[in-house]
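Fold and contact review
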Amino acid sequence: MMTVMGKVVISDVLPSSFPVHFHVLYRSFQLVCLAISIFLIYHTNHSLETKQGLPFVNQQLSWVILLSSLVCLAIPIPCHYVDLLVHTFLCLASPLVMLSVSFEVLFFCTFGGFLIIWVIIESSLW
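So, about the overall build of the protein chain. Looking only at helices and strands, the protein chain features four helices and two strands. Taken from N to C terminus, the helices and strands of the protein chain fall in the order β-β-α-α-α-α. Partitioning the contacts of the protein chain with sequence separation of at least 6, the portion at a separation of at least 24 is 60%. For the protein chain, the accessible area works out to roughly 9,000 Å², and carbon and sulfur atoms hold 75% of it.

A separate point is the confidence of the model for the protein chain. Do not read the predicted coordinates in detail wherever pLDDT is low. Residues of the protein chain with pLDDT of at least 70 account for 84%, and the chain-wide mean is 79. Counting interchain partners and residues more than four positions distant, the pLDDT-below-50 stretch residues 1-15 has 17 contacts.

Glancing now at the packing of helix 3 (residues 81-99) against helix 4 (residues 104-125). Contact pair helix 3 / helix 4: the axes reach a minimum separation of 11 Å and the direction vectors enclose 175°. With respect to their mutual orientation, helix 3 and helix 4 come out roughly antiparallel. Listed contacts from helix 4 to Tyr81, Val82, Leu85, Val86, Phe89, Leu92, Ala93, Leu96 and Val97 of helix 3 are Glu104, Val105, Phe108, Cys109, Gly112, Leu115, Ile116, Val119, Ile120 and Ser123. Residues belonging to the contact of helix 3 with helix 4 are distributed by class as follows: 16 nonpolar, two polar and one charged.

The subject of this paragraph is the state of the cysteines. What makes a disulfide is a covalent bond joining the sulfur atoms belonging to two cysteines. Counted by the stated rule, this structure contains zero disulfides. No disulfide involves Cys33; its nearest neighbouring cysteine sulfur is the one of Cys72, lying 6.5 Å away. With no disulfide of its own, Cys91 has Cys72 as its nearest cysteine by sulfur position, at a separation of 4.8 Å.

The end-to-end C-alpha distance of helix 2 (residues 56-74), which contains 19 residues, comes to 28 Å, matching closely the 27 Å that a straight helix rising 1.5 Å per residue would cover. Among all positions of helix 2, only Asn58, Ile65, Ser68, Ser69 and Cys72 are buried. Along the axis of helix 2, the buried residues cluster in a sector spanning 105°; they form a single face. Opposite the packed face of helix 2, turned more than 90 degrees from it, sit the exposed residues Phe56, Trp63, Val64 and Val71.

What counts as what
Residues numbered from 1 in each chain as written. Predicted model: local features only at pLDDT ≥ 70, side-chain atom pairs only at ≥ 80, totals over all residues. Heavy atoms only, no water. Helix = DSSP H or I, 4+ residues; strand = E, 2+ residues; numbered from the N terminus. Contact = heavy atoms within 4.5 Å. Areas by Shrake-Rupley, 256 points an atom, 1.4 Å probe, with all protein chains shown as cover. pLDDT = per-residue confidence, 0-100. Axes fitted to C-alpha atoms, helices over the stretch in contact; angles between N-to-C directions. Parallel < 35°, antiparallel > 145°, perpendicular 65-115°, else oblique. Nonpolar A, V, L, I, M, F, W, Y, C, P; charged D, E, K, R; others polar. Disulfide = S-S within 2.5 Å. Expected span 1.5 Å × (residues − 1). Buried < 20%, exposed > 50% of the residue type's maximum accessible area, 1.4 Å probe, protein only. Arc of directions from axis to C-beta.

This is the structure:
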């Protein structure tokens, strides 16, 4: 593991070319983390409305998802730039869902969709 300008590069630990099934498992992990964070927000909201307090399991799972999504950002994925944009979007989606108060997630999804469409259209023009 080495550092480049303050960023941790894991090129020595992970192989430079991942098998195809790694990308599928990695995206599946990111989507499962996103689904769990959405469920945690729903369950926490329900528990607080019924005056049961914040469940300990929800606290622990929220911290695990937050830390794992930040670690996922540090893992380099050698692929197309659209895949890199989706990777960054999915890594930041779980913490944003857990930290959002109201409709901020809709803005994030719309912004991410427009960025992907913009990159695809721009690459087709060149």
